[in-house]
Amino acid sequence: MKEYEMLKMIEDRRNENHRFVKFWRKENDFVDYDLIERFVENAGSNMELGGIELLTMNDMWNELKRIAGTRVKLVHDTTGDNVEWVHEGKTGTKTQVCGYTPETLMTIFDVETKGNPVD
């Protein structure tokens with residue numbers, strides 16, 4: 001399936017809860033994730049893909065938990081929902097608290113996977 005077909009599929013299937021796209025090559029040798037807006041914006045290489053799946057915040061949170069395990073925690077408090085993330089910084093282990101947003105989940109996911117597609 002060509003990228004332009006994927007873009008049409010996104011347009012047809014997307015609802016207000018979808019924030020992410022999970023996609024894979026037709027060889028089915030890797031799976032990658034991106035924000036829907038960024039995926040659409042970067043389309044144009046006419047790459048052949050095997051398929052896509054649209055994901056909600058909850059779906060992506062589950063993927064992040066699968067990759068990062070106990071290094072991420074969803075914290076509910078009076079200021080709203082936040083992600084507590086424990087990771088290695090330049091000066092050792094660091095705990096970072098970020099808003100529970102699509103961009104935060106994608107950034108943490110990219111760091112945890114070192115930007116590489118998931119097997």
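Not measured: the values here are computed from a predicted model. (Residues numbered from 1 in each chain as written. Predicted model: local features only at pLDDT ≥ 70, side-chain atom pairs only at ≥ 80, totals over all residues. Heavy atoms only, no water.)

**Q** Help me understand the side chain of His 18, please; the structure alone is not making it clear to me.
**A** Relative to the elements of secondary structure, His 18 occurs in strand S1 (residues 18–25). At 3.0 Å, the side chain of His 18 and the backbone nitrogen of Asn 15 are in polar contact. Beyond its immediate chain neighbours, meaning those up to four positions away, His 18 contacts Arg 13, Ile 36, Leu 54, Leu 55 and Thr 56. (Helix = DSSP H or I, 4+ residues; strand = E, 2+ residues; numbered from the N terminus. Polar contact = N/O pair within 3.5 Å; in protein donor to acceptor, adjacent residues only side chain to side chain. Contact = heavy atoms within 4.5 Å.)

**Q** Just checking my understanding: could you explain helix H1 (residues 3–13) for this structure?
**A** Residues lying three or four places apart along an α-helix face the same way, a consequence of the helix completing one turn every 3.6 residues. Those residues of H1 lying buried are Glu 3, Met 6, Met 9 and Ile 10. All buried residues of H1 fall inside an arc of 110° around its axis, so they share one side. H1 presents Tyr 4, Glu 11 and Asp 12 as exposed residues on the side facing more than 90 degrees away from its buried surface. Buried-residue contacts for H1 involve S1, helix H2 (36–42) and strand S3 (49–56). (Buried < 20%, exposed > 50% of the residue type's maximum accessible area, 1.4 Å probe, protein only. Arc of directions from axis to C-beta.)

**Q** Explain the sheet that holds strand S5 (residues 80–89) to me, please; I cannot follow it from the model alone.
**A** Backbone-to-backbone hydrogen bonds pair the strands of a sheet. The strands run either parallel or antiparallel. Judged by pairing direction, the sheet is antiparallel, and its 3 strands sit side by side in the order S4-S5-S6 without closing on themselves. Edge positions in the open sheet fall to strand S4 (72–77) and strand S6 (92–99), since each of these has one partner strand only. When the angles between neighbouring strand axes are averaged without regard to direction, this sheet yields 25°. Pairing analysis gives 6 bridges linking S4 to S5, with the strands arranged antiparallel. Residue pairing in the sheet places Asp 77 in a bridge with Gly 80 of S5. (Pairing = 2+ DSSP bridges. Axes fitted to C-alpha atoms, helices over the stretch in contact; angles between N-to-C directions.)

**Q** What's the story with the packing of aromatic side chains in this structure? I'm lost.
**A** Each aromatic ring pair is specified by the distance between its two centres and by the angle formed by the two planes. Per the counting criterion, the structure on display carries 3 aromatic pairs. When the centroid spacing of 5.0 Å and the interplanar angle of 50° are considered together, the rings of Phe 23 and Phe 39 count as tilted. Of the two residues, Phe 23 is situated in strand S1 and Phe 39 in helix H2; the sequence distance between them amounts to 16 residues. Using a relative accessible area of 8% as the deciding quantity, one classes Phe 23 as buried. Here Phe 39 falls in the buried class, since its relative accessible area comes to 6%. (Phe/Tyr/Trp six-rings, centres within 6.5 Å; stacked < 30°, edge-to-face > 60°.)

**Q** Explain the environment of Trp 61 here, please?
**A** Within the fold, Trp 61 resides in helix H3 (residues 57–68). Through-space distance from the C-alpha of Trp 61 to that of Tyr 100 is 9.5 Å; in sequence the pair is 39 residues apart. In this structure, Trp 61 is in contact with Val 72, Lys 73, Leu 74, Val 83, Tyr 100 and Leu 105, ignoring residues within four places of it in sequence.

**Q** Mind showing me how you'd approach the packing of H3 against helix H4 (residues 102–112) here?
**A** For any two helices packed against each other, the geometry is given by the interaxial angle and the distance between the axes. Two elements in contact, H3 and H4, have axes separated by 10 Å at closest approach and are oriented at 25°. Overall, the two elements H3 and H4 adopt an arrangement that is roughly parallel. Both H3 and H4 take part in a crossing whose hand is left-handed. For the pair H3 and H4, contact is made by Met 57, Met 60, Trp 61, Glu 63, Leu 64, Ile 67 and Ala 68 and by Pro 102, Leu 105, Met 106, Ile 108, Phe 109 and Glu 112, respectively. Partitioned by chemical class, the residues of the contact of H3 with H4 number 11 nonpolar, no polar and 2 charged. (Parallel < 35°, antiparallel > 145°, perpendicular 65-115°, else oblique. Left-handed = near helix turned anticlockwise from the far one by under 90°. Nonpolar A, V, L, I, M, F, W, Y, C, P; charged D, E, K, R; others polar.)

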